[in-house]
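Each chain is listed here by its residues.
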Amino acid sequence: MDRSRLIILGVIAVLTMSAVPVLVKSTDANAVTIGIVRLGIAVLAFVPLVLIRGEVFRFTRRQWLQLTIIGCTFGLHWLTYFLSIKLATAAIATLTVLTYSVQYLILAYVFNRESVSPVEWLAIAICFSGCILVSPELSFQNQVTLGIAVGLLSALLYAAMPLLHQRAEGIGTLERTFGQFFFALIIFLPLLGQANWDLQPTDIHQLLALGLLCTVLSHGLWVKSSTELPAIYSSMIYFLYLPGAVIGSAVFLDEELTPRKLLGCAIVLGASAALSLYRYRRSKTAS
């Protein structure tokens, strides 16, 4: 597929995914219910494909362990992300989770011994300052601030995903995606008693949209585009997630777009994008 079509697919995938915080915030279903439904739909969609390929029947114990770690990390990421949206606002939760790109750099520095320049540390600090800016007060007694803290934890878990996938590169993409959803579902199942199923038809439609549109379709398109596009293209396209969520929250949830919130979003988005471009140019110069 040519690059222009892949870019279009990537944009569609990210904008579709940006509906997640809006749908999560608007539905009466709690974080556990949302996670179980989304993951259940995803697992059901991937099971036939995985069984037809049959690769899972030849996995070693080490590969199953890798899939378990990937899935459990992803499950905790989703749980904390949904909680962050419920505690704070759709826009602010999205803003905090977008810090995953700078948190990935910190994890790569700690675990892969990747070098981080002073300019990159400055960009990381600026990115976190944007999260502090949108916080009403630095106290966990405030629900929005607590949501920001939970969102930052969610971003940290999401930042770990590429590192875990790199270590499991011997497993096919389809099987890794299935394992990610399957073992994430296992994380949610012990919380089944906390799920709320007394829902209105509107809530059910929102859950179906989250499962089919925002998980199966969007993730499928994103895997296709992000796999075949150069990494810098994927990074820049993914940053559309924040403006998509911010606009969606304002239009559909009537969230107020205060100058402070817009400035915080601009700081996080600008620092993250600048950091990605800086690292891309540095890698091209080094090669």
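Treat the numbers as computed from the prediction; the structure is a model and nothing was measured.

A count of helical and extended segments in the chain gives 13 helices and zero strands. Scanning the chain from its N terminus toward the C terminus, one meets helices and strands in the order α-α-α-α-α-α-α-α-α-α-α-α-α. In summary, the chain has a C-alpha radius of gyration of 19 Å against a globular reference of 19 Å for 287 residues, a match within 12%. Counting over 287 residues, the chain shows a buried share of 50%. Put simply, of all contacts in the chain between residues at least 6 apart along the chain, 86% involve residues at least 24 apart. When the accessible area of the chain is evaluated, it comes to approximately 13,700 Å², of which 67% is carbon and sulfur surface. Between the centroid of the 19 positive side chains of the chain and the centroid of its 14 negative side chains there is a distance of 11 Å.

Looking now at the layout of surface pockets. Of the pockets and cavities examined, the largest pocket occupies roughly 1,400 Å³. As for the largest pocket, its lining consists of 33 residues, and the residues nearest its centre are Tyr100, Pro162, Trp222, Ser226 and Ser234. For the lining of the largest pocket, the secondary structure elements donating two or more residues are α6 (100-111), α8 (143-167), α9 (173-188), α10 (201-228), α11 (231-238) and α13 (259-286). Considered class by class, the residues forming the lining of the largest pocket number 18 nonpolar, 13 polar and two charged.

This part takes up the UniProt feature "domain: EamA" (unreviewed entry) in the chain. With numbering matched to this structure, UniProt assigns "domain: EamA" (unreviewed entry) to residues 7-135 and 146-275. In residues 7-135, the share of helix is 81% and the share of strand is 0%. The end C-alpha atoms are 34 Å apart.

With respect to the secondary-structure elements, Ala168 resides in the loop between α8 and α9. Taking C-alpha positions, Ala168 is 7.8 Å from Leu67, a pair spaced 101 residues apart along the chain. In contact with Ala168, not counting residues within four places along its chain, are Gln66, Ile70 and Arg176.

A separate point is the pattern of salt bridges. Summed over the entire model, instances satisfying the criterion amount to seven salt bridges. The shortest N-O distance in the salt bridge between Arg58 and Glu55 comes to 2.9 Å. Its relative accessible area of 32% is what places Glu55 among the partly exposed residues. One salt bridge connects Glu120 with Arg279, and the closest N-O pair in it is separated by 2.9 Å. Of the two residues, Glu120 is situated in helix α7 (residues 118-134) and Arg279 in helix α13; the sequence distance between them amounts to 159 residues. Put simply, Glu114, Glu120, Arg279 and Arg282 are held in one network by salt bridges that share partners.

Take Gly75: it is sitting in helix α4 (residues 61-87). In sequence terms Gly75 and Ala155 are 80 residues apart; their C-alpha atoms lie 12 Å from each other. The residues contacting Gly75, other than those within four sequence positions of it, are Ala184, Ile187 and Phe188.

Turning our attention to empty space enclosed by the protein. All told, the structure shown has one cavity of 30 Å³ or more when counted by the stated rule. By volume, the largest cavity is sized at about 160 Å³. Taken together, 14 residues line the largest cavity, and the ones lying closest to its centre are His77, Trp78, Tyr81, Tyr238 and Tyr241. Those elements that place two or more of their residues in the lining of the largest cavity are α4 and α10. The element contributing the most residues to the lining of the largest cavity is α4, with five residues. A per-class count over the lining of the largest cavity returns eleven nonpolar, two polar and one charged.

Between α4 and α9, the shortest axis-to-axis distance is 7 Å and the interhelical angle comes to 60°. With respect to each other, α4 and α9 are oriented oblique. The way α4 lies across α9 gives a crossing that is right-handed. Contacts between α4 and α9 pair Trp64, Leu67, Thr68, Ile70, Gly71, Cys72, Phe74, Gly75, Leu76, Trp78 and Leu79 from the former with Glu175, Arg176, Gly179, Gln180, Phe181, Phe183, Ala184, Ile187 and Phe188 from the latter.

On to the packing of aromatic side chains. Counted by the stated rule, this structure contains 15 aromatic pairs. Ring centres 5.1 Å apart and planes at 85° place the aromatic pair Phe182 and Phe183 in the edge-to-face group. For Phe182, a relative accessible area of 32% translates into the label partly exposed. Classification of Phe183 as buried rests on a relative accessible area of 11%. Joined through ring pairs, the aromatic side chains of Phe46, Phe74, Trp78, Tyr81, Phe82 and Phe181 make up one cluster.

What counts, and at which threshold
- Residues numbered from 1 in each chain as written.
- Predicted model: local features only at pLDDT ≥ 70, side-chain atom pairs only at ≥ 80, totals over all residues.
- Heavy atoms only, no water.
- Helix = DSSP H or I, 4+ residues; strand = E, 2+ residues; numbered from the N terminus.
- Rg over C-alpha atoms; globule rule 2.2 N^0.38 Å.
- Buried < 20%, exposed > 50% of the residue type's maximum accessible area, 1.4 Å probe, protein only.
- Contact = heavy atoms within 4.5 Å.
- Areas by Shrake-Rupley, 256 points an atom, 1.4 Å probe, with all protein chains shown as cover.
- Lys, Arg positive; Asp, Glu negative; His and termini not counted.
- Charge placed at Lys NZ, Arg CZ, Asp CG, Glu CD.
- 1 Å grid on protein atoms, 1.4 Å probe; cavity = no way out; pocket = protein on both sides within 12 Å on 5 of 7 lines; lining within 4 Å.
- Points joined across faces, edges and corners; volume = space filled by probe spheres on them.
- Nonpolar A, V, L, I, M, F, W, Y, C, P; charged D, E, K, R; others polar.
- UniProt positions renumbered as here; feature names shortened; annotations may be inferred.
- Salt bridge = Lys/Arg side-chain N within 4 Å of Asp/Glu carboxyl O.
- Axes fitted to C-alpha atoms, helices over the stretch in contact; angles between N-to-C directions.
- Parallel < 35°, antiparallel > 145°, perpendicular 65-115°, else oblique.
- Left-handed = near helix turned anticlockwise from the far one by under 90°.
- Phe/Tyr/Trp six-rings, centres within 6.5 Å; stacked < 30°, edge-to-face > 60°.

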